[in-house]
Amino acid sequence: MADPRRRVRVGPHHLRIASGKMFIPDDVASHIENMYLTTEGTLRSVVGPAPYVPDTPATGGGAPPSGGTPSTQFGLTYGNVMKGITHALINGGHKEILLLHTLDQIWTFRGWQHKGVGTTAWYPLMAPPGTSPVPGTTAAMPNDQRPRYPTQFVTTPTGVVIIPQDSRAHFYDGEIALPLGYGMTPGPPVGIGPDSQQLSTAWSYGWRYADAPEGWVNNTAYAHDGLIGFDTEMSPTFKYGRIGTTIQSGTSTEWSKVLDPDAGSGTLDIFKDSGAGWLEPGSWRCCVQFVDRWGNLSPLSGPSNDVRLERQASLWIESDGGAPPTYSVGPTLLERVRKQLGWTGVPLGPTGTLGRILYRTKDTINSGTAKFFELPLNSTTSADVFATLPDNVTTFYPDNIPDFWLSQNPLRPIPVRNFKVGALAFGRLWTGNFEGAPGLIYPSMIGRWGTFLEDEGIYPDPSGGAITGFLTVPNGLLAYTEVSTYRIEPYYDGEGFRSMSLSQTVGCDAPSSAQNLPDGRSIWKARDGFYTYDGTTIKYISEELEEFWKSHNQARACQATSAVDGRAQIYRCWVSVNGERENSRCYEYDGMGWRIRTDVSVAAACTTQDHRGYTLAAGKHGTTHGVWLLDHEVKSYDPAVTQNREAIIKTAWMSAVASQKRRTMYQLRLWLVEHSSSDITVEIQRDWRETITETHTVPQNPTDDPPPFWNTAVLDATDTTWLRRRPYWRRVQIYVPSAEVFRMIIRGTGRWEFIGFEAEEVQHQTGGSRMPP
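Residues numbered from 1 in each chain as written. Predicted model: local features only at pLDDT ≥ 70, side-chain atom pairs only at ≥ 80, totals over all residues. Heavy atoms only, no water.

1. What to know about the overall build of the protein chain
Which entries qualify depends on this criterion: Strands here are runs of E lasting at least two residues and helices are runs of H or I lasting at least four, both read from the DSSP assignment and numbered beginning at the N terminus. Throughout this description, buried means an accessible area under 20% of the type-specific maximum (1.4 Å probe, protein chains only), exposed means over 50%, and partly exposed covers the range between. Where accessible areas are quoted, they stem from the Shrake-Rupley method and a 1.4 Å probe; at the residue level, only the protein chains shown are allowed to cover.
A count of helical and extended segments in the protein chain gives two helices and 52 strands. The buried share among the 773 residues of the protein chain stands at 55%. Carbon and sulfur atoms make up 52% of the accessible area of the protein chain, which totals about 33,600 Å².

Below you can see the structure in the form of structure tokens.
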């Protein structure tokens, strides 16, 4: 036996991160699988997951299920195609929302013991027509397993924007889900108003015989004016009309054109200096815009037909028909010939429309402009007035608003098209990858998540590359294509936005992989690995994963999903490998290095935004689909797939950089934490070969002072006291003679917690050859 005095203690090594490289430091593992970093700085084997909706038998007892669909108490069956999940707090944190996209339905979570309509904790919020129970909103969404981005969710202060792929985006405020904004343009209203049906050209100036047949200039259809005494008069309550361009000139040469209809020549001097005037010929048009319950505006409708006025005098002459006739003069107030118009056929908006804004031109013939202006509801403005017609019922609007009251031009939104990605930044919803324009991004109006104004679109990539994701960062927004990254910022004057290129070689191929780390950096997945951005520099951080990257299913790279653990502050990203459809491998990053876990195949993940900080995953555990609470376990759900899951720590090739000096390993000392009474296995490899040379079984249960363990201690036992788990060590006697390097593999299928290890070795001096001494 070698002299113990020559033994050298190596370590302790506290392995926390892994690298797939060949030559790595001794305190970095070559592989860590299904172990997670605890808040105490140890590595603990992954536990759970637990069904988010627990399976509690209605009778209060019974054997726990063995891998069946969770939540059988509620009669719940999850679909085998999970596409999205999100948790949000809105309205100042007073409203909690949890949404799940499964198959062609989006469910909302109503609580574990919900007693309302239906009997399940989940209820369909959006589903195709004919779904039972009846969904809150009918919507058609694709239901297949083609590679797509996971369903994108954007949390706003007032609700959640739901972005299913290849389908219409919706907005959910905790009460109702409706299509985001308006994807259609309203039809125009129909104008009715004064129209000329004069008896002859001589009557076109507004005078007639008292015994003449009906017919008066500007006197058909909706001909409301102030000519009291005729059938076109307005109610005295409303006084006179206000619309029309008038000229007051008693000495105008136009008066000389009014001839005596009986004499055929001469003028009626009674018109001169009478103070009367003319209503000039004019023309008006109208259009409409919808307003929904969240203040979103529809595109402006097309213009209505022209409503025209012809020239009309502000007084008239009546003849008694005698020979020679005698005449009497009518009223001389100029206001009496101004009109009130009417707009009918005002279109009704779709579900969710609360009002409609009417816009009218001024007199296009005399004002010199054809622009539209908002018609107010009242003569004075009010903060409570949001539309000209604050309902979705009325189809007729009597218009008596004078041109000089009109001042507010309309906003001109565009119809909302299908898009694939979105983010909230600068108080706006940013959308990108539109149908027919994959390289286009559009910001909404501030606070109006479904209103996108024309001419505000941006193409960050000059080549028009498809937008593959967004990520909000301090004072900016990152926009990605697959091969480039751009930063969106407002201009210094606050008007509009600009796009700056950060990289033309690094992009993002999975929008749901982009997250913000607790240390302030941003992280996302690209074609060749993971990158971070600290506000200045984009940095490649996944050199350790290059060996694992070779097994990725690149055809499904776009469906990768991620979440940041709210408690452990760890970034997790799930990817598809080896031709699988599901994202079965998870990469964990704690800000320093990487680990791998394979406990759940995750289609989508999220972190709850409340005090719990749970990580929820929609996907598959074993063969069971559902919503899973990661790193938690419950008594009622402990299938064989969990019991047999193996956690692995594989060390580096120890002292690889000094492999020219052989050594003999005699002893390992493992530092563990009291966690379970199960055994773990230690395997030894030597000299760069994968062959296992030694295998040792290490019992975890300390014999001198055994602690109470999960699932074995009796909760109400008088001799059981729950204390903080204490660390302890186990000695493992090994013999690895005259090795260049060696590697240790620690495996365990139960619950165990690892602190670190030490090794004792004896170094051998050689003559420079590779032959054993």
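2. What about the sheet that holds strand β29 (residues 428–434)?
Let me state the cut-off plainly: Paired strands, in this sense, are two strands between which DSSP finds at least two bridges. Axis definition: a line fit to C-alpha positions, over the contact stretch in the case of helices; interaxial angles, taken between N-to-C directions, run 0 to 180 degrees.
Across the sheet, three strands lie side by side as β28-β29-β30; this open sheet has antiparallel pairing. Both outer strands of the open sheet, β28 (419–425) and β30 (437–443), are each paired with one neighbouring strand and no more. Across the sheet, the mean angle from the axis of one strand to that of its neighbour is 15 degrees, orientation sign disregarded. Sheet analysis places β28 next to β29, joined by six bridges and oriented antiparallel. When the sheet's bridge partners are listed, Phe419 is paired in β29 with Phe434.

3. Notes on the pairing of strand β9 (residues 122–127)
Within β9, six of the six residues are buried, which leaves it mostly tucked inside the rest of the structure. As paired elements, strand β8 (residues 105–109) and β9 share four bridges and run antiparallel to each other. Opposite Ile106, over in β9, you have Met126 as the bridge partner. With two bridges connecting them, β9 and strand β10 (residues 137–138) associate as parallel partners. Counterpart to Met126 in the pairing with β10 is Thr137.

4. Some thoughts on the confidence of the model for the protein chain
Our working definition: The predictor's confidence in any single residue is recorded as pLDDT, a number from 0 to 100. Residue contacts are counted whenever heavy atoms from the two residues lie within 4.5 Å of one another.
On average, the protein chain scores 82 in pLDDT, and the residues at 70 or more come to 79%. Counted against residues more than four places away or in other chains, residues 57–75, with its pLDDT under 50, gives 37 contacts. Low pLDDT, under 50, characterises residues 228–233; the stretch is placed with 16 contacts to residues that sit more than four places away or in other chains.

5. As for the state of the cysteines
As a reminder, the rule being used: The rule for a disulfide is simple: a pair of cysteine sulfur atoms within 2.5 Å.
Within the structure shown, the criterion is met by zero disulfides. Free of any disulfide, Cys286 has its nearest neighbouring cysteine sulfur in Cys287, separated by 6.1 Å. Since its relative accessible area comes to 0%, Cys286 is described here as buried.

6. Some thoughts on the pairing of strand β25 (residues 353–361)
β25 sits mainly inside the fold: eight of its nine residues count as buried. Here three bridges tie β25 to strand β26 (residues 372–374), and the two strands are oriented antiparallel to one another. When the sheet's bridge partners are listed, Arg360 is paired in β26 with Phe373.

7. What to know about the packing of aromatic side chains
For clarity, the cut-off: Only centres within 6.5 Å qualify two rings of Phe, Tyr or Trp (six-membered ring in Trp) as a pair; their planes then separate them into stacked at under 30 degrees, edge-to-face at over 60, and tilted for everything else. In this analysis the charged atom, NZ for Lys or CZ for Arg, is taken to sit over a ring once it is within 6 Å of the ring centre and within 35 degrees of the ring normal.
Here the structure, examined in full by the defined rule, presents 25 aromatic pairs. Seen from their ring centres, Tyr78 and Trp107 are 5.9 Å apart, and the 35 degrees between their planes marks the pair as tilted. Taken together, the positions of Tyr78 in the loop between β5 (50–51) and β6 (82–90) and Trp107 in strand β8 put the pair 29 residues apart, joining distant regions of the chain. Grouping residues by exposure puts Tyr78 and Trp107 together as buried. Cluster of aromatic residues (ring-pair linked, three or more members): Phe530, Trp549, Tyr571, Tyr587, Tyr589 and Trp594. Here the guanidinium or amino end of Lys362 rests over the ring plane of Phe373, the centre of that ring lying 4.8 Å away. Between Arg669 and the ring centre of Trp729, over which it is positioned, the NZ or CZ distance is 4.5 Å.

8. So, the nonpolar core
Which entries qualify depends on this criterion: Residues enter a nonpolar core if they are buried and are Ala, Val, Leu, Ile, Met, Phe, Trp, Tyr or Cys, with the set joined through side-chain atoms within 4.5 Å.
Grouped together as the largest cluster of nonpolar side chains are 32 residues, with contacts concentrated most on Leu668, Leu670, Met744 and Phe754. Going through the elements one at a time, β3 (35–37), β46 (647–650), β47 (663–673), β48 (679–686), β50 (727–739), β51 (742–748) and β52 (753–763) are the ones with two or more residues in this core. Per-element tally for this core: the top contributor is β50, with five residues. The contacts of Met744, once residues within four sequence positions are left out, are Ile649, Lys650, Thr651, Leu668, Leu670, Val682, Glu683, Ile684 and Phe757. Val307, Leu334, Leu358 and Tyr397 belong to the second largest nonpolar core, which has 19 residues in total.

9. Regarding the side chain of Gln165
Note the cut-off: Polar contacts here mean pairs of N or O atoms no more than 3.5 Å apart (in protein, one a potential hydrogen donor and the other a potential acceptor; neighbouring residues in sequence count only if both atoms are side-chain atoms).
Mapped onto the elements of the fold, Gln165 is located in the loop between β12 (159–163) and β13 (170–172). Judged by its relative accessible area of 6%, Gln165 is buried. A polar side-chain atom of Gln165 sits 3.0 Å from the main-chain carbonyl oxygen of Lys420. Setting aside chain neighbours within four positions, we find Gln165 in contact with Pro142, Arg148, Tyr149, Pro150, Gln152 and Lys420.

10. Regarding unusual backbone geometry
Residue Gly48 is joined to Pro49 through a cis peptide bond whose omega torsion reads 5 degrees. Within the element layout of this structure, Pro49 appears in the loop between β4 (43–45) and β5. In this model, Asp166 sits at a positive phi of 60 degrees, which is unusual for a non-glycine residue. By the secondary structure assignment, Asp166 is in the loop between β12 and β13. Taking relative accessible area as the criterion, Asp166 reaches 41% and is therefore assigned partly exposed.

11. A word on the sheet that holds strand β36 (residues 522–525)
Read from one edge of the open sheet, four strands run β35-β36-β37-β38, paired in antiparallel fashion. Looking at which strands have only one partner, the edges of the open sheet turn out to be β35 (515–516) and β38 (538–540). When β35 meets β36, the two strands line up antiparallel, connected through two bridges. In the sheet register, Gln515 faces β36, and the bridge partner there is Ile523.

12. Notes on the environment of Asn701
Note on placement: Asn701 falls in the loop between β49 (694–699) and β50. Once the C-alpha coordinates of Asn701 and Ser676 are considered, the two residues, 25 residues apart in sequence, prove to be 7.0 Å apart.

13. Points about the side chain of Thr151
One can find Thr151 in the loop between β10 and β11 (152–156). At 2.6 Å, the side chain of Thr151 and the side chain of His101 are in polar contact. Discounting chain neighbours no more than four positions away, the residues touching Thr151 are Lys83, Gly84, His101, Ile162, Ile163 and Pro164.

14. Regarding the environment of Tyr587
Within the secondary structure, Tyr587 sits in strand β41 (residues 585–589). Sequence spacing of Tyr587 and Arg597 is ten residues, and the spatial spacing of their C-alpha atoms is 6.7 Å. Discounting residues that sit within four places of it in the chain, Tyr587 has contacts with Phe530, Leu545, Phe548, Trp549, His552, Tyr571, Arg572, Cys573, Val575, Trp594, Arg595 and Ile596. Engagement of the side chain of Tyr587 in a polar contact is seen with the side chain of His552, the distance being 2.7 Å. In terms of polar contacts, Tyr587 uses its side chain to reach the side chain of Arg585, at 3.1 Å.

15. Remarks on the environment of Leu453
You can see Leu453 is positioned in the loop between β30 and β31 (469–473). For Leu453 and Pro443, which are ten residues apart along the polypeptide, the C-alpha to C-alpha distance reads 8.2 Å. Non-local contacts of Leu453, meaning those with residues more than four positions away in its chain, are made with Leu411, Arg412, Pro413, Ile414, Tyr442 and Met445.

16. Remarks on the pattern of salt bridges
Threshold: Counted as salt bridges are all cases of a side-chain nitrogen of Lys or Arg within 4 Å of a carboxyl oxygen of Asp or Glu.
Enumeration according to the criterion identifies 36 salt bridges in this entry. In this structure, Asp509 and Lys525 form a salt bridge, with 3.0 Å as the shortest nitrogen-oxygen distance. Residue Asp509 is found in the loop between β34 (497–503) and β35, and its partner Lys525 is found in strand β36; the two are separated by 16 residues along the sequence. For the pair Asp509 and Lys525, one class covers both residues: buried. Put simply, Arg572 and Asp631 hold a salt bridge, and the shortest N to O gap is 2.8 Å. Remark: Asp631 occurs in the loop between β45 (624–629) and α2 (640–643) and Arg572 occurs in strand β40 (residues 571–575); sequence separation between them is 59 residues. Accessibility assignment for this pair places Arg572 and Asp631 in one class, buried.

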